[in-house]
Amino acid sequence: TNSGGHSHHDFNRNYFWNKWIDSGRIDPLVTDKRDHKREIKSILLQRKGAHGDVLVASYVAGALKKKYPGAKIGFYTKCPNVLRHHPHIAKTFSEVVFSERQFQLIYNLDMAYEFRPHTNILQCYADMVGVPIEDCVPTIAAEGFNDIPKDPYVVIHAGKTNWVGRDWDRTRFDEIARRISDMGMKVVCIGTDSDHRVPCHVDLRGKTTI
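Notes on the structure in this doc start here. Fair warning: this is a prediction, and the values are worked out from it, not measured in the lab.

1. Some words on the overall build of the protein
Next up, step 1: Helix and strand content of the protein: five helices and seven strands.
Next up, step 2: In the protein, the succession of helices and strands from N to C terminus is α-β-α-α-β-β-β-α-β-α-β-β.
Next up, step 3: Here the C-alpha atoms of the protein give a radius of gyration of 22 Å, more than 25% beyond the 17 Å that 2.2 N^0.38 yields for 210 residues.
Next up, step 4: Its C-alpha atoms give the protein principal-axis dimensions of about 75 × 35 × 35 Å.
Next up, step 5: Within the protein, buried positions represent 34% of all 210 residues.
Next up, step 6: The long-range fraction of contacts in the protein, counting pairs at least 24 apart against all pairs at least 6 apart in sequence, stands at 57%.
Next up, step 7: Of the roughly 13,500 Å² that the protein leaves accessible, carbon and sulfur atoms contribute 53%.
Next up, step 8: The positive charge centre, built from 30 side chains, and the negative charge centre, built from 25, are 3 Å apart in the protein.

2. Regarding the sheet that holds strand 7 (residues 202-203)
Next up, step 1: On the basis of which strands lie adjacent, the open sheet formed by three strands has the order 5-6-7 and parallel pairing. Here the strands that pair on one side only, and so sit at the sheet edges, are strand 5 (153-156) and strand 7.
Next up, step 2: The sheet contact formed by strand 6 (residues 186-189) and strand 7 spans two bridges and is parallel. Opposite Cys189, over in strand 7, you have Asp203 as the bridge partner.
Next up, step 3: Helix-sheet contacts for helix 5 (residues 170-182) involve strand 5 and strand 6, and the interaxial angle to strand 5 is about 175°.

3. Re the sheet that holds strand 2 (residues 72-76)
Next up, step 1: In space, the four strands of this open sheet follow the order 3-2-1-4, with parallel pairing throughout. Lying at the two open borders of the sheet, with one neighbouring strand each, are strand 3 (91-93) and strand 4 (105-108). Taken pair by pair, the neighbouring strands of this sheet meet at an average axis angle of 20°, ignoring direction.
Next up, step 2: Taken together, the five bridges between strand 1 (residues 42-46) and strand 2 define a ladder with parallel strand orientation. By the bridge assignment for strand 2, Ser42 is matched with Lys72.

4. Considerations on the nonpolar core
Next up, step 1: If you look at the biggest cluster of nonpolar residues, it comprises 30 residues, and the most contacted ones within it are Ile43, Leu45, Val60, Leu64 and Tyr107.
Next up, step 2: Sorting the residues of this core by element identifies strand 1, helix 2 (51-57), helix 3 (60-67), strand 2, strand 4 and helix 4 (121-129) as the ones contributing at least two each.
Next up, step 3: Every residue in contact with Leu64, bar those within four places of it in the chain, is listed here: Ile43, Leu45, Ile73, Tyr107, Val129 and Val131.
Next up, step 4: Counting residues in hydrophobic clusters, the runner-up holds nine residues, among them Ile180, Val187, Cys189 and Val198.

5. Digging into the pairing of strand 4
Next up, step 1: Burial along strand 4 is one-sided: the residues Leu105 and Tyr107 are buried and none of Ile106 and Asn108 is.
Next up, step 2: Pairing analysis gives four bridges linking strand 1 to strand 4, with the strands arranged parallel. Its bridge partner lying in strand 4, Leu44 is registered against Ile106.

6. Some thoughts on the pattern of salt bridges
Next up, step 1: Evaluated as defined, the whole model comprises twelve salt bridges.
Next up, step 2: With its nearest N and O atoms 2.9 Å apart, the salt bridge here joins Asp167 to Lys160.
Next up, step 3: Close ionic contact of Glu175 with Arg178 constitutes a salt bridge, the shortest N to O distance being 3.6 Å. Taken together, the residues span about one helical turn, with Glu175 and Arg178 both in helix 5 at a distance of three residues.
Next up, step 4: Residue class for Glu175 comes out partly exposed when judged on its relative accessible area of 33%.
Next up, step 5: When its relative accessible area of 41% is taken as the criterion, Arg178 is described as partly exposed.
Next up, step 6: Where salt bridges share partners, they join Arg47, Asp53, Asp110 and Glu114 into one cluster.

Parameters at a glance
- Sequence order as written defines residue numbering, which begins from 1 separately in each chain.
- Selection of residues for local features in this predicted model requires a pLDDT of at least 70, selection of side-chain atom pairs for listing and counting requires 80 or more, and totals for whole chains, interfaces and linings are taken over all residues.
- The basis for every side-chain value is the complete set of non-hydrogen atoms in the structure, without hydrogens or water.
- Numbering of helices and strands runs from the N terminus, with a helix taken as a DSSP run of H or I at least four residues long and a strand as a DSSP run of E at least two residues long.
- Only the C-alpha atoms count toward the radius of gyration. The rule for a globule is 2.2 Å times the residue count to the power 0.38.
- When accessible area is computed with a 1.4 Å probe and restricted to protein chains, residues below 20% of their type maximum are described as buried, those above 50% as exposed, and intermediate ones as partly exposed.
- Working rule for contacts: check all heavy atoms of both residues, and any pair within 4.5 Å makes them a contact.
- In this description, accessible areas are obtained by the Shrake-Rupley approach with a 1.4 Å probe, and a residue is regarded as covered only by the protein chains that are shown.
- Under the counting rule used here, the positive set is Lys and Arg, the negative set is Asp and Glu, and His together with the chain ends is not counted.
- Charge placement uses NZ in Lys and CZ in Arg. For Asp and Glu, CG and CD serve respectively.
- DSSP bridges decide pairing: two strands pair if at least two such bridges lie between them.
- Lines fitted to C-alpha atoms define the axes here, with helix axes fitted over just the stretch in contact, and angles between the N-to-C directions of these axes take values from 0 to 180 degrees.
- Take the buried Ala, Val, Leu, Ile, Met, Phe, Trp, Tyr and Cys residues and link them wherever side-chain atoms come within 4.5 Å; each set so joined is a nonpolar core.
- The term salt bridge refers to a side-chain nitrogen of Lys or Arg lying within 4 Å of a carboxyl oxygen of Asp or Glu.

In structure tokens, the structure reads:
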């Protein structure tokens, strides 16, 4: 009610709607069923990192669009380049420059599968947002390059992994590249300008997106 209102009143009301009403969590708990539900027009997904996690998390966007056709989906992440030209995501946020009041549904996917290590990662995300995993379609925008070889080729990214104890000596990638060339295939080198350049036929470091 409006009695006893305070500075967090609107926020708390929106939080309640988000968690219980719009999400449908309250429906199995009440006797009187709702005749209709509010149309969902705005959804926020959050998975801050890393690139692979954000990519897989974005697969639920298509399923959410199927469930809520009129909704616009925003995505808060530190890896916005993964979502470049995504057909189901209207806007990405890499900094907290938005208000949670903008969105009717907010799904925080951080730690979604970390808490369920024996469950498929996409199944964890699908369960979090309440959609069937079958509706979660892998989506990534492809951008072509004119100088990609027509012959069979292998792409090598000899970059630093940032995983403790899992970094490789860059010269091992050189050996792999040479063996691939000896097998008659072309080698394409990608990554950032500062990443290691393996012996290759095409150097696309600094020229590709994710």
